[in-house]
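Chain and residue survey
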Amino acid sequence: MLGENMAPLVGDSPDPVLVDGGALGRPPRILLIYTGGTIGMVEDAATGALAPFDFSHLLENVPKVGRLGYQLDFAEIAPPIDSSDMSPAHWRQIAQMVAAGYDAHDGFVILHGTDTMAYTASALSFMLPGLAKPVILTGSQLPIGEIREDGTNNLITALQIAAARDPRDGGPMVREVAISFGRFLWRGNRATKMSSTDFGAFRSFNYPPLAEMDLHIRFNEARLLRPEGASSAGEGEGSAAAAGQLAATDGGTAVSGLGTAASGLVPQLEMDNAIGWVSVFPGMTEEVLRSQLEVPSLKGAVLRTFGAGNAPTRPWFVNAVTQFVSSGRLLVNVTQCAGGGVEDKRYATGDALVRAGVVSGFDMTCEAALAKMMHLFGRGCSAEEAAVLMQRPLAGELTVPDAVAKF
Ligand code: ASP
């Protein structure tokens, strides 16, 4: 069943923005970055298992790409990987490729495995503050060389989206990191992989699609980020942060050392992975919880809670959490539910976390919360500073609830 996020889009003019060279007066120039994933995999003759293959194989199988008439440049991670092996070092490599090609290209398409695509998209959205061009991730459920597959369509559509121009100002239609997959374009840091078999592998439960791709590609103009902080970013959605303005203050105290990127792309390549990821479950024991929190090197952790941000209230649980936070570490509450978010004062169980000093991650996906925490610590934030910024949209990744925004 379609949720409210899947309602018809507002952009109703068919293909108003697809580029065939007309809008730019020259062929669009796109940088295609290959990282691996099913889209480029071939079957190992001996084992029958799929393994990543090189770029030339991929392109040989999609001669149609040439018919787009774009100027394509290529870059790849060597060797290409199954995205289960993705790491912050790879994110840095990809962000560097985008940064190095930024001025020369109109857009970027990243071919990536679906398994961790939402993590990479989230990470890039924070690593590329000031981004004002499309960075479109795509991949496929079946390898592009198979007779029946979804990779060709996903690749061609992603390229068209990366080349699309906004008729209102002639600039790029998409000015953010997004995932194009199947029939939808999703904000990268709002998306999550929902199916290992469906050709529509991704969904975003807390933010509508940025575009719907059927017979036509129709953009949801009102929901696209606009880095200069214009209204098109949507009410309360991080347009200032998209311009890289991490001017985080809390009660007037400026968070130092974050800088701004209002004048253009200023890549932030450091990601600090000294963080944890704790998922509560019925029957969790104190030993299991403590073994995950009592890791001396941790600077913070994402706490994956039930429903609207609820966790066990037994004293050993609250004590372990309180000790973690009072030792100067950051704990951010994100729900295990695919949709909705943390309303931590709704139930006594959530309120206990607030009193223990746990910070609400509102409606962020777990992938976005994890990547954002790595980014903030990578930028040298203290736990206190990171706590403030975790609750501010930096790249459209969260919606601040009205009740909180009023303060
Ligand atoms: N295991 C693959 C990967 O994430 C799955 C895929 O691409 O869909 O690289």
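Please read these numbers as outputs of a predicted model, since none were measured by experiment.

1. As for the sheet that holds strand β4 (residues 71-81)
Read across the open sheet, the 8 strands follow the order β4-β1-β5-β6-β7-β8-β11-β12; overall the sheet is mixed. This sheet does not close on itself; its edge strands, each paired only once, are β4 and β12 (217-219). Going from strand to strand, the sheet's axes swing by 20° on average, the running direction of each strand aside. Where strand β11 (residues 211-213) and β12 come together, 3 bridges link them in antiparallel fashion. Bridge pairing in β12 places Glu 212 opposite Arg 218. Packing against the sheet, helix α3 (residues 117-127) makes contact with β5 (107-111), β6 (135-138) and β7 (177-181), and its axis sits at approximately 155° to β7.

2. Observations regarding the nonpolar core
Membership of the largest hydrophobic core comes to 61 residues, with the highest contact counts inside it found for Leu 124, Val 135 and Leu 330. In terms of residues, this core owes the most to one element, helix α9 (residues 366-378), which gives 9 residues. Those residues in contact with Leu 124 that sit more than four places away from it in its chain are Trp 91, Ile 94, Ala 95, Ile 110, Val 135, Leu 137 and Val 177. With 34 residues, the next largest nonpolar core counts Leu 155, Ile 156, Tyr 207 and Ala 211 among its residues.

3. What about the sheet that holds strand β17 (residues 330-335)?
Strand order in the open sheet made by the 4 strands is β15-β16-β17-β18, with parallel pairing throughout. Edge positions in the open sheet fall to β15 (275-279) and β18 (359-360), since each of these has one partner strand only. The strands touched by helix α10 (residues 383-390) are β17 and β18; relative to β17, the strand with the most contacts, the crossing angle is about 25°.

4. Section: unusual backbone geometry
Cis geometry marks the peptide bond from Ala 78 to Pro 79, where omega comes out at -5°. Mapped onto the secondary structure, Pro 79 falls in strand β4. Positioned with a positive phi, Phe 362 is a non-glycine residue whose angle comes to about 50°. With respect to the secondary-structure elements, Phe 362 resides in the loop between β18 and α9.

5. Focus on the confidence of the model for the protein
Across the protein, pLDDT averages 87, with 85% of residues at or above 70. Confidence drops under a pLDDT of 50 for residues 1-16, and excluding neighbours within four residues, the segment shows 27 contacts in the predicted structure. Between residues 229-245, whose pLDDT stays under 50, and residues either more than four places distant or in other chains, the model counts 51 contacts.

6. Let's talk about α10
Here α10 lies mainly inside the structure; 7 of its 8 residues are buried. Among all positions of α10, only Ala 383, Glu 385, Ala 386, Ala 387, Val 388, Leu 389 and Met 390 are buried.

7. Looking at the pattern of salt bridges
This model, assessed by the stated rule, comprises 17 salt bridges. Arg 168 is the salt-bridge partner of Asp 166, the closest N and O atoms lying 2.8 Å from each other. Its salt-bridge partner being Lys 372, residue Glu 397 comes within 2.6 Å of it at the nearest N-O pair. Note that Glu 397 is positioned in the loop between α10 and α11 (402-405) and Lys 372 in helix α9, a separation of 25 residues in sequence. Across the pair, exposure class does not vary: Glu 397 and Lys 372 are buried alike. In the salt-bridge network here, residues are joined through shared partners; they are Arg 183, Glu 212, Asp 214 and Arg 218.

8. Some remarks on the packing of helix α6 (residues 286-293) against helix α7 (residues 315-326)
Running from amino to carboxyl end, α6 crosses α7 at an angle of 10°, the nearest separation of the two axes being 10 Å. The angle between α6 and α7 falls in the class roughly parallel. For the pair formed by α6 and α7, the contact residues are Glu 286, Leu 289, Arg 290 and Leu 293 on the first element and Trp 316, Phe 317, Asn 319, Ala 320, Val 321, Gln 323 and Phe 324 on the second. Residue classes in the contact of α6 with α7 are distributed as 7 nonpolar, 2 polar and 2 charged.

9. A closer look at the side chain of Thr 35
You can see Thr 35 is positioned in strand β1 (residues 29-36). Polar contacts involving the side chain of Thr 35 include one to the main-chain carbonyl oxygen of Leu 111, which spans 2.7 Å. Once residues lying within four places of it in the same chain are set aside, the contact partners of Thr 35 are Ile 77, Pro 80, Ile 81, Met 86, Ile 94, Ile 110, Leu 111, His 112 and Gly 113.

10. A closer look at the site of the ligand
Near the ligand you find Gly 37, Thr 38, Asp 82, Ser 83, Gly 113, Thr 114, Asp 115 and Ser 140, and these make up its full shell. Taking Thr 38, its main chain carries an N or O atom lying 2.9 Å from an oxygen atom of the ligand. Backbone polar atom of Ser 140 to an oxygen atom of the ligand: 3.3 Å apart, as the coordinates give it. Taken together, the residues of the shell around the ligand sort by class into no nonpolar, 6 polar and 2 charged.

11. Remarks on the packing of aromatic side chains
Counted under the stated rule, the structure contains 4 aromatic pairs. With a centroid separation of 5.2 Å and 65° between ring planes, the pair formed by Phe 181 and Phe 202 is classed as edge-to-face. Of this pair, Phe 181 sits in strand β7 while Phe 202 sits in strand β10 (residues 202-203), placing them 21 residues apart in sequence. Of the two residues, Phe 181 and Phe 202, both sit in the buried class. Ring plane angle 65° and centroid distance 5.9 Å describe the contact between Trp 316 and Phe 317, whose orientation is recorded as edge-to-face. Here the two residues Trp 316 and Phe 317 agree in accessibility, since each one is buried. Lying over the aromatic face of Tyr 102, Lys 133 brings its terminal NZ or CZ to 4.9 Å of the ring centre. The residue whose ring lies beneath Arg 223 is Tyr 207, and the NZ or CZ to ring-centre distance is 5.1 Å.

Criteria and cut-off values
- Residues numbered from 1 in each chain as written.
- Predicted model: local features only at pLDDT ≥ 70, side-chain atom pairs only at ≥ 80, totals over all residues.
- Heavy atoms only, no water.
- Pairing = 2+ DSSP bridges.
- Helix = DSSP H or I, 4+ residues; strand = E, 2+ residues; numbered from the N terminus.
- Axes fitted to C-alpha atoms, helices over the stretch in contact; angles between N-to-C directions.
- Contact = heavy atoms within 4.5 Å.
- Core = buried A, V, L, I, M, F, W, Y, C linked by side-chain atoms within 4.5 Å.
- Buried < 20%, exposed > 50% of the residue type's maximum accessible area, 1.4 Å probe, protein only.
- pLDDT = per-residue confidence, 0-100.
- Salt bridge = Lys/Arg side-chain N within 4 Å of Asp/Glu carboxyl O.
- Parallel < 35°, antiparallel > 145°, perpendicular 65-115°, else oblique.
- Nonpolar A, V, L, I, M, F, W, Y, C, P; charged D, E, K, R; others polar.
- Polar contact = N/O pair within 3.5 Å; in protein donor to acceptor, adjacent residues only side chain to side chain.
- Near = heavy atom within 4 Å.
- Phe/Tyr/Trp six-rings, centres within 6.5 Å; stacked < 30°, edge-to-face > 60°.
- Lys NZ or Arg CZ within 6 Å of the ring centre and 35° of its normal.

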